[in-house]
Amino acid sequence: MRVASSVGRLLAAGGVAAALLVGGGTAVAAPAAPDARAVSVSPYAQLRPLADLSARRLATADLVAAAKYGTGSPIDDPARERQVLDAVARQAEQIGADPEATVRIFRDQIEANKVVQRALHRRWDADPASAPTERPDLAKVREEINRVNGELVHAIAASEPARTAPYCRGLLTASTAVVVHERRLDALHAGALVRASRSVCG
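Here the structure is a predicted model, which is why all the values come from computation and not from measurement. (Residues numbered from 1 in each chain as written. Predicted model: local features only at pLDDT ≥ 70, side-chain atom pairs only at ≥ 80, totals over all residues. Heavy atoms only, no water.)

Engineer: Where do I start with the pattern of salt bridges in this structure?
Structural biologist: A side chain with one charge may pair with a side chain of the opposite charge, provided their charged atoms come close. Applying the stated rule across the entire model yields 12 salt bridges. Notably, a salt bridge pairs Arg183 with Asp52, separated by 3.1 Å at the nearest N-O pair. Of this pair, Arg183 sits in helix α7 (residues 168–183) while Asp52 sits in helix α2 (residues 43–68); the two residues are 131 residues apart in sequence, bridging distant segments of the chain. Here Glu151 and Arg56 are joined by a salt bridge, their closest N and O atoms 3.1 Å apart. One end of the pair, Glu151, is in helix α5 (residues 138–158); the other, Arg56, is in helix α2, with 95 residues separating them in the sequence. (Salt bridge = Lys/Arg side-chain N within 4 Å of Asp/Glu carboxyl O. Helix = DSSP H or I, 4+ residues; strand = E, 2+ residues; numbered from the N terminus.)

Engineer: I keep staring at empty space enclosed by the protein and nothing clicks. Help me out?
Structural biologist: Empty space among the atoms becomes visible once a probe the size of a water molecule is rolled across them. In this structure the tally under the stated criterion is two cavities of 30 Å³ or more. Its boundaries defined by the atoms lining it, the largest cavity holds a volume of some 210 Å³. Around the largest cavity, the lining comprises 14 residues; the ones closest to its centre are Arg80, Ile110, Asn113, Gln117 and Ile145. Element by element, the count of residues in the lining of the largest cavity is highest for helix α4 (residues 99–126), at four residues. In terms of residue class, the lining of the largest cavity is made up of five nonpolar, two polar and seven charged. In terms of lining, the second largest cavity is formed by Ala97, Asp98, Ala101, Thr102, Ile156, Ala157, Glu160 and Arg163. When contributions to the lining of the second largest cavity are tallied by element, the ones reaching two or more residues are α4, α5 and α6 (160–163). (1 Å grid on protein atoms, 1.4 Å probe; cavity = no way out; pocket = protein on both sides within 12 Å on 5 of 7 lines; lining within 4 Å. Points joined across faces, edges and corners; volume = space filled by probe spheres on them. Nonpolar A, V, L, I, M, F, W, Y, C, P; charged D, E, K, R; others polar.)

Engineer: Explanation requested: α7 in the structure shown.
Structural biologist: When the terminal C-alpha atoms of α7 are compared, their 22 Å separation across 16 residues agrees well with the 22 Å that a helix rising 1.5 Å per residue should span. Considered for burial, the residues of α7 that qualify are Cys168, Leu171, Leu172, Ala174, Ser175, Thr176, Ala177, Val178, Val179 and Val180. Count one or two residues on from α7 and you reach Arg184, which has phi positive near 55°. (Expected span 1.5 Å × (residues − 1). Buried < 20%, exposed > 50% of the residue type's maximum accessible area, 1.4 Å probe, protein only.)

Engineer: Would you mind showing me how to read the confidence of the model for the chain here?
Structural biologist: Do not read the fine detail of predicted coordinates wherever pLDDT is low. Residue-level pLDDT values for the chain average 86, and 80% of them are 70 or greater. Contacts of residues 1–7 to residues separated by more than four positions or lying in other chains number six contacts, the stretch itself having pLDDT below 50. Here residues 10–39 is a poorly scored stretch, pLDDT under 50, and it has 38 contacts once near neighbours within four places are set aside; other chains count. (pLDDT = per-residue confidence, 0-100. Contact = heavy atoms within 4.5 Å.)

Engineer: Can you walk me through the packing of α4 against helix α8 (residues 187–196) in this structure?
Structural biologist: The axes of two packed helices give the description: the angle between them and the distance between them. Relative to each other, α4 and α8 sit at 155°, their axes nearing to 8 Å. Considering the angle they form, α4 stands roughly antiparallel to α8. Crossing geometry of α4 relative to α8 is assigned as right-handed. Contact residues: Ile105, Asp108, Gln109, Glu111, Ala112, Val115, Val116, Ala119, Leu120 and Arg123 in α4; Leu188, His189, Ala192, Arg195 and Ala196 in α8. (Axes fitted to C-alpha atoms, helices over the stretch in contact; angles between N-to-C directions. Parallel < 35°, antiparallel > 145°, perpendicular 65-115°, else oblique. Left-handed = near helix turned anticlockwise from the far one by under 90°.)

The structure is reproduced here in structure tokens:
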């Protein structure tokens, strides 16, 4: 399956990530926003926060899916998506980052979130006993999404040197593999994390 092969490649890349982390020995967390210190931060350390924040944002898909399940609310919400993209574009401009790159990456984040929601709804339809018994407050879930969005905008800005480098794809795969392992993501969420990162490099 496509998801399974993606996860397999991620796990294999984990060895590469380990070598990078052990070999470098100086990797530190990327700064919240680009500044003069960014040049001393390793490319891996610039990309790692993107993978971790993407996983954090993806975790909210389970809550959104539970909030919408059985209510007739569609998974696709163009008005909400437009609000998110407009907001992150403004935030990027405010910190001197590239709004077009930011919006491109966030489109993938949104699509990955919907991949998880659709899969969960199909799972719950097939097995009603597995469906959530409580409905989260969607407004509160979106507050959390907005918080993660803000951090992600800064991480995108801080990682521009690594994102535009020719070695970006390999390091992103490695950092994603580590996040999958550390967060113990299942195949659905690991595959969605790959989808969320499609436009990070370039």
